[in-house]
Amino acid sequence: MNSWKEFIALESSKDYYQKLKQIVDADYENEVIYPPKEYIFNAFKYCPLDKVKVVILGQDPYHGFGQAHGLSFSVNKGIPLPPSLRNIYLELQSDVGFMNPGHGDLTGWARQGVLLLNDVLTVKSGKAGSHQKLGWEQFTENVISFLSQEKKGLVFMLWGNHAFKKGKNIDRNTHLVLTSGHPSPMSANQGKWFGNKHFSQANNYLIQQGKTPINWQLV
């Protein structure tokens, strides 16, 4: 399989996905759902299959107005930084000398090969977790399994228990799996996030694999 388009076409022909699509389409008709429908697959749009180097796994899309745009942890320009992203920026600053760009749009990472994948790809406005257990988890589980089997030398960043469980089937012999607490304030303030140095570790590994490292600095 050479493209995400082929992968998504294959998944969308399966029973679980047909049921998921029916529910999600109906919700888009009748309620406010984030991200906007045309942004659901932005993680794949901006990070083509042949470019993937790093996978950063999130949970749900943000459920506030104007935040979610299909990339985990990322928000549209002009939207205040959510607490988790603020902590990601602080870790980047101490790890690789990152400077806060004044926005939370991570598209620049995606274009370099960082797949910013949420576990669940849609959510009802103001209702965290409202599209869990509809089938998205199976879809994203299949994405991770596919990447683990078909690619070599990827970096998977798993932050928090939810991500640890999600990444349980990644082949540790073929890929680098980095784990730490979640960057949310509760976890970060307990000492489980800061100092993990995931971003420099990722780049060191990519260089060892003969790949171009990620320029984490956003403009």
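- The name given to the protein chain in an unreviewed UniProt entry is Uracil-DNA glycosylase, with Paenimyroides marinum as the source organism.
- The annotation that UniProt attaches to the protein chain under Catalytic activity (unreviewed entry) is "Hydrolyzes single-stranded DNA or mismatched double-stranded DNA and polynucleotides, releasing free uracil."

1. A word on the packing of helix α2 (residues 15–30) against helix α6 (residues 136–150)
Part 1: Running from amino to carboxyl end, α2 crosses α6 at an angle of 130°, the nearest separation of the two axes being 9 Å. Relative to α6, the element α2 is oriented oblique. Remark: the crossing between α2 and α6 carries left-handed chirality. Residue-level inspection shows Tyr16, Tyr17, Leu20 and Val24 of α2 in contact with α6, the latter providing Trp136, Gln138, Phe139 and Asn142.
Part 2: Residues of the contact of α2 with α6, tallied by class, amount to six nonpolar, two polar and no charged.

2. Regarding the pattern of salt bridges
Opposite charge on two side chains permits them to pair, given that their charged atoms come into close proximity.
Part 1: Across all of its chains, the model carries six salt bridges by this definition.
Part 2: For the salt bridge of Glu11 with Lys14, the shortest nitrogen-to-oxygen distance reads 2.8 Å.
Part 3: As a salt-bridge pair, Lys124 and Glu31 come within 3.3 Å of each other at their nearest N and O atoms. Within this pair, whereas Lys124 is found in strand β4 (residues 123–124), its partner Glu31 is found in the loop between α2 and β1 (33–34), the two being separated by 93 residues in sequence.

3. Some points on the packing of helix α1 (residues 4–12) against α6
Part 1: Remark: α1 packs on α6, axes separated minimally by 11 Å, with the N-to-C direction vectors making an angle of 135°. The orientation of α1 with respect to α6, classified from their angle, is oblique. For the pair α1 and α6, the crossing hand works out as right-handed. In this structure, α1 uses Trp4, Phe7, Ile8 and Glu11 to contact α6, whose residues at the interface are Phe139, Asn142, Val143, Phe146 and Leu147.
Part 2: Class assignment for the residues of the contact of α1 with α6 results in seven nonpolar, one polar and one charged.

Calculation notes
- Sequence order as written defines residue numbering, which begins from 1 separately in each chain.
- Residue-level local features of this predicted model are given only where pLDDT is at least 70; pairs of side-chain atoms are given and counted only at 80 or more, and the full residue set underlies all totals for whole chains, interfaces and linings.
- The side-chain figures draw on all heavy atoms in the structure; neither hydrogens nor water molecules are used.
- UniProt positions are given in the numbering used here, feature names are shortened, and annotations may be inferred rather than shown by experiment.
- To get an axis, fit a line to the C-alpha atoms, keeping to the stretch in contact for a helix; angles then go from 0 to 180 degrees between the N-to-C directions.
- Helix and strand assignments come from DSSP, with helices taken as H or I runs of at least 4 residues and strands as E runs of at least 2, each series counted from the N terminus.
- These descriptions rest on fixed angle ranges, namely under 35 degrees for roughly parallel, over 145 for roughly antiparallel, 65 to 115 for roughly perpendicular, and the rest for oblique.
- Put simply, a crossing is left-handed when the front helix is turned counterclockwise from the back one by less than a right angle, and right-handed when it is turned clockwise.
- Between two residues, a contact is recorded if the distance between any of their heavy atoms is within 4.5 Å.
- Residues are grouped as follows: nonpolar covers Ala, Val, Leu, Ile, Met, Phe, Trp, Tyr, Cys and Pro; charged covers Asp, Glu, Lys and Arg; every other residue, Gly included, is treated as polar.
- The salt bridge criterion pairs a side-chain nitrogen of Lys or Arg with a carboxyl oxygen of Asp or Glu, the two atoms within 4 Å.

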